[in-house]
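# Tertiary structure, described
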Amino acid sequence: MIKIFSQVLAALTLGFLASNVWANGDIQVKDAWVQAAPPGVKVMAAYLEIKNNGKQQQVLTGVSSPAFGKIEIHRSVIQGNVARMDHLKELTIPANASVLLQQGGLHLMLMDVKKPLASGDQVPLAFIFGNGEKIAATAIVRSGKMEGMGEGGTMDHSGHGGHKH
Ligand SMILES: [Cu+2]
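Predicted model only: the values in this text are computed from it and were never measured.

## Topic: the overall build of the protein chain
For the protein chain, the helix and strand inventory stands at one helix and eleven strands. From first element to last, N terminus to C terminus, the protein chain shows the α and β order α-β-β-β-β-β-β-β-β-β-β-β. Relative to its full complement of 165 residues, the protein chain shows a buried share of 38%. Surface exposure of the protein chain reaches about 9700 Å², of which carbon and sulfur atoms provide 56%.

The structure is reproduced here in structure tokens:
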């Protein structure tokens, strides 16, 4: 039993290590994914990590994709029983630090999907930074919560109902 458990653990660890990284200079975009949405839903959310390995802070000023009309940087906030999203004009990644966009917190709001996306589809994303650097990444569409993310998955996408599009 212990042996089986340790094999499962090894498999999980390997899966975790197989991360996707897109980099330009000191900036890395890691493990980008888009949460699958039911047919007819025009707004989707993307999650990822942005890592800054440099000595200067970096500022993400915009994200674009040919698959969507518009992409915004959002932060989910819960006040009392009300879930709300703040629209951030830019996102600062401090020197030698990572910023995590994950369920229930920061995320990319992908608006006006051009054609329906299903699990397994790939979405090209272009990240533009204040210093003029650009990173082209590819996010994978997948359903549900991220394994191992724990409580972050408890806030589902219905929290985005506040959008009027
Ligand atoms: Cu949002």
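## What to know about the pattern of salt bridges
Under the definition given, this model contains two salt bridges. As a salt-bridge pair, Glu72 and Lys70 come within 3.1 Å of each other at their nearest N and O atoms. Overall, the relative accessible area of 10% leaves Glu72 in the buried class. With relative accessibility at 44%, the residue Lys70 sits in the partly exposed group. Measuring nitrogen to oxygen at the nearest pair gives 3.1 Å for the salt bridge that ties Asp86 to Arg84.

Reading guide: rules and limits
Residues numbered from 1 in each chain as written. Predicted model: local features only at pLDDT ≥ 70, side-chain atom pairs only at ≥ 80, totals over all residues. Heavy atoms only, no water. Helix = DSSP H or I, 4+ residues; strand = E, 2+ residues; numbered from the N terminus. Buried < 20%, exposed > 50% of the residue type's maximum accessible area, 1.4 Å probe, protein only. Areas by Shrake-Rupley, 256 points an atom, 1.4 Å probe, with all protein chains shown as cover. Salt bridge = Lys/Arg side-chain N within 4 Å of Asp/Glu carboxyl O.

None of the figures reported here should be taken as evidence of function without further support.
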